[in-house]
Amino acid sequence: RAKRKIKAKNIPFQIPDEDAWPERLNTVLAVIYLIFNEGYVATSGTDLIREELCSEAIRLCELLRSLLPDEPEIQGLLALMLLSDARRPARAGAEGELITLELQDRSLWDRAKIKQGRTLLVGALVKGDVGPYQLQAAISAVHSEAVTFQATDWEEICLLYERLYALQPSPIIALNASVALAFAEGPARGLAALEAPEVKTALERYQPYHVARADMLARNGDPVSADRVYQMAIALTENQRERAHLEHRRAALKPST
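A. Spotlight on the overall build of the chain. The number of helices and strands found in the chain is 13 helices and 2 strands. The C-alpha radius of gyration of the chain comes to 20 Å, within 12% of the 18 Å expected for a compact globule of 257 residues. C-alpha extents for the chain along the principal axes are approximately 65 × 45 × 40 Å. Buried residues in the chain amount to 43% of all 257 residues. Partitioning the intrachain contacts of the chain with sequence separation of at least 6 by distance along the chain shows that 60% fall at a separation of at least 24. If you sum the accessible surface of the chain, you get close to 14,500 Å²; carbon and sulfur atoms cover 54% of it.

B. Representation of helix α7 (residues 154–167). An ideal rise of 1.5 Å per residue puts 20 Å on 14 residues; α7 measures up with 20 Å between its terminal C-alpha atoms. Looking only at α7, the buried set comprises W154, I157, C158, L160, Y161 and L164. Down the axis of α7, the buried side of the element spans an arc of 165°, and every buried residue falls inside it. Facing away from the buried side of α7 by over 90 degrees, the exposed positions are E162 and A166. Buried residues belonging to α7 abut α6 (132–145) and α8 (171–185).

C. The packing of helix α4 (residues 72–85) against α6, seen in detail. At a closest axis distance of 8 Å, the pairing of α4 and α6 adopts a crossing angle of 30°. As far as their axial angle goes, α6 and α4 are roughly parallel. For the crossing formed where α4 meets α6, the hand is left-handed. Only P132, Y133, Q134, Q136, A137, S140, A141 and S144 of α6 make contact with α4, whose side of the interface consists of P72, E73, G76, L77, A79, L80, L83 and S84. Along the lines of polarity and charge, the residues of the contact of α4 with α6 split into 9 nonpolar, 6 polar and 1 charged.

D. A look at the nonpolar core. Of all hydrophobic cores here, the largest spans 43 residues; its most connected members are F36, L77 and M81. If you list the elements that add at least two residues to this core, you get α2 (21–40), α3 (51–67), α4, α5 (111–125), α6, α7 and α8. The leading source of residues in this core is α4, at 8 residues. Sequence-distant contacts of M81, defined by excluding residues within four places in its chain, comprise I32, Y33, F36, A57, I58 and C61. One finds A196, V199, L203 and A214 within the second-largest nonpolar core, a separate group that totals 21 residues.

E. Summary view of the environment of L63. When you line up the elements, L63 lands in helix α3. Here L63 falls in the partly exposed class, since its relative accessible area comes to 44%. In sequence terms L63 and D47 are 16 residues apart; their C-alpha atoms lie 27 Å from each other.

F. Local environment of the pattern of salt bridges. Applying the stated criterion across every chain, the model contains 13 salt bridges. Taking the shortest distance from any N to any O, the salt bridge between D85 and R88 comes out at 2.6 Å. Here E185 and R189 are joined by a salt bridge, their closest N and O atoms 2.8 Å apart. Note on R189: relative accessible area 41%, which makes it partly exposed. Taken together, the shared-partner salt bridges in this structure form one network comprising E51, D85, R88 and K113.

G. Spotlight on the side chain of D227. Take D227: it is sitting in helix α12 (residues 223–235). Residue contacts for D227: discarding those within four places in its chain leaves R250 and L253.

H. Structural detail: the packing of aromatic side chains. For the structure on display, the rule yields 6 aromatic pairs. Measuring from ring centre to ring centre gives 4.8 Å for W154 and F183, while their planes differ by 20°; the resulting arrangement is stacked. Placement of the pair is W154 in helix α7 and F183 in helix α8, with a sequence separation of 29 residues. What makes W154 buried here is its relative accessible area of 10%. Through a chain of ring-to-ring contacts, three or more aromatic side chains come together here, namely Y33, F36, Y40 and Y133.

About the criteria used
- Residues numbered from 1 in each chain as written.
- Predicted model: local features only at pLDDT ≥ 70, side-chain atom pairs only at ≥ 80, totals over all residues.
- Heavy atoms only, no water.
- Helix = DSSP H or I, 4+ residues; strand = E, 2+ residues; numbered from the N terminus.
- Rg over C-alpha atoms; globule rule 2.2 N^0.38 Å.
- Buried < 20%, exposed > 50% of the residue type's maximum accessible area, 1.4 Å probe, protein only.
- Contact = heavy atoms within 4.5 Å.
- Areas by Shrake-Rupley, 256 points an atom, 1.4 Å probe, with all protein chains shown as cover.
- Expected span 1.5 Å × (residues − 1).
- Arc of directions from axis to C-beta.
- Axes fitted to C-alpha atoms, helices over the stretch in contact; angles between N-to-C directions.
- Parallel < 35°, antiparallel > 145°, perpendicular 65-115°, else oblique.
- Left-handed = near helix turned anticlockwise from the far one by under 90°.
- Nonpolar A, V, L, I, M, F, W, Y, C, P; charged D, E, K, R; others polar.
- Core = buried A, V, L, I, M, F, W, Y, C linked by side-chain atoms within 4.5 Å.
- Salt bridge = Lys/Arg side-chain N within 4 Å of Asp/Glu carboxyl O.
- Phe/Tyr/Trp six-rings, centres within 6.5 Å; stacked < 30°, edge-to-face > 60°.

Below is the structure:
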């Protein structure tokens, strides 16, 4: 429909004047990040990761940075994607199966990308105009600093999520914050955060919400409830690799009799 409208009205494709760039920047950044996320965890299909989308999102952000070199949120997004993409070699096993952050071989992480991402982040933060992408990059940077999953500074991550939620109070950020809280203070605290009405109602059909909840229930010693919630998560999962991973985790539960 959009193509037909463009053709019918002879709408030209052109680069907007520079004075229009700032008001369009957030939308452009959001689209680039959506492209990256679709590559990082494909929503459907047989492949867990679509490397070409991750690379294209990074390329587009680098191009955007060349146009607006002093914009800290562009640097923040580029840092976030590089820090995340650095973990890509460890995110899938030999057969393409999903490997969670907790179990990844950190020796496979791309240290050059981590260094580049952290340098970009520091350069953005010193400008003093801290935005959501910079805070998300800071969270990724904390993960990149941990030698092991157990050594992760979850308290620092929780503080960063507090700042992020203050800037961008969305239920998805609240979900991610609850996961950090579960590792910092225990799964019971994370579950309580997930039960907040503004989170639970908004994310009822959001697959990662049920994945996080099932994992916390299992860690909290409630395999029966975890099994039920894993079934809900699997029903909402279209990517075959991710579904196989969740089915494996569900099968690993040992419900009490």
